[in-house]
Amino acid sequence: FPSHDSRGPPTGLLAQLGFKSPSICPEQQVNADIILSWSYQAASAIGLGNNWWTLGMAAITNAIHESALKADAVGDKGCSFGLFQSNVCGGTGKGFMDKGYITSGEQLKDPNLCSRLILGITALRQKEVVNAMARGDVVDTCRQFTRKVEIPADTINEAERRLGTLFKHFAP
């Protein structure tokens, strides 16, 4: 993977990270840039600003799987919302509601709010994610983000599937 400047996310964020996808539409591009911006802010808040890109790549990879980078996505019979499909019926989204960060799942359709909550609160509370970021290990950051933040039903196999997406879209 390419080296990255520690001064923060540049303009044209996806291109700077070597992202390749001929089918990405403007809405998805905007949402990916929002995710990258919040990745930088979250990583910087814990002193890992030099490795912000590992969290950004992991988060985009997971958002591709969860919502196809579409902020208005709703799944799981109306229980999961937004870019990261936070589940308000019993998952991360319910935790956001219980803590008063949101009052309904519909609010998670706001890509800034959804990204801020997932990246600034949830991801950074997972020591495995933070440790992988600290090492600058994008593969393990993606694996741990899948296992500890997204928590799909089949975490091990799904984490490996998502690594395939990481390599497909970000490999040099």
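See the structure above.
In this text, all values refer to a predicted model and were calculated from it rather than measured experimentally.

Student: How do you make sense of the packing of helix α3 (residues 52-67) against helix α8 (residues 155-170) when you look at a structure like this?
Tutor: For any two helices packed against each other, one specifies the inter-axial angle together with the distance between the axes. Put simply, α3 and α8 touch, their axes get as near as 9 Å, and they point 110° apart. The orientation of α3 relative to α8 falls into the category roughly perpendicular. Classified by chirality, the crossing of α8 by α3 is right-handed. Residues Met57, Ile60, Thr61, Asn62, Ile64, His65 and Glu66 of α3 touch α8, and the partners they reach there are Glu158, Arg161, Arg162, Thr165, Leu166, His169 and Phe170.

Student: Before we go on, may I ask you to explain helix α5 (residues 111-122) in this structure?
Tutor: Along an α-helix, residues three or four positions apart point the same way, because every turn accommodates 3.6 residues. In a regular helix each residue adds 1.5 Å, so 12 residues correspond to 16 Å; α5 covers 15 Å between its end C-alpha atoms and thus fits that length. Burial of α5 is extensive: 9 of the 12 residues sit out of reach of the surface. Those residues of α5 that sit buried are Pro111, Leu113, Cys114, Ser115, Leu117, Ile118, Leu119, Ile121 and Thr122. On its buried face, α5 is in contact with α2 (26-45), α3, β3 (86-87), α4 (92-98) and α7 (138-150).

Student: Teacher, can you tell me more about the side chain of serine 67 here?
Tutor: Mapped onto the fold, serine 67 is located in helix α3. On the accessibility criterion, serine 67 (8% relative accessible area) is buried. A polar contact is formed between the side chain of serine 67 and the backbone oxygen of leucine 83, at a distance of 2.8 Å. Setting aside chain neighbours within four positions, we find serine 67 in contact with Ala73, Gly82 and Leu83.

Student: What is the right way to look at α7 in this model?
Tutor: Taken together, the buried positions of α7 are Val138, Asp140, Thr141, Cys142, Gln144, Phe145, Thr146, Val149 and Glu150. Its side-chain oxygen placed 3.2 Å from the backbone nitrogen of valine 139, aspartate 137 serves as the N-cap of α7.

Student: Would you take a moment to explain the environment of cysteine 142 for this structure?
Tutor: Turning to its location among the elements, cysteine 142 is positioned in helix α7. Overall, cysteine 142 belongs to the buried group, its relative accessible area being 0%. Taking the C-alpha atoms as reference, cysteine 142 lies 7.9 Å from leucine 166; in sequence the two are 24 residues apart. Residues contacting cysteine 142, with those up to four places away along its chain left out, are Ala58, Thr61, Asn62, Arg162, Leu163 and Leu166.

What counts and how
Residues numbered from 1 in each chain as written. Predicted model: local features only at pLDDT ≥ 70, side-chain atom pairs only at ≥ 80, totals over all residues. Heavy atoms only, no water. Axes fitted to C-alpha atoms, helices over the stretch in contact; angles between N-to-C directions. Helix = DSSP H or I, 4+ residues; strand = E, 2+ residues; numbered from the N terminus. Parallel < 35°, antiparallel > 145°, perpendicular 65-115°, else oblique. Left-handed = near helix turned anticlockwise from the far one by under 90°. Contact = heavy atoms within 4.5 Å. Expected span 1.5 Å × (residues − 1). Buried < 20%, exposed > 50% of the residue type's maximum accessible area, 1.4 Å probe, protein only. Polar contact = N/O pair within 3.5 Å; in protein donor to acceptor, adjacent residues only side chain to side chain.

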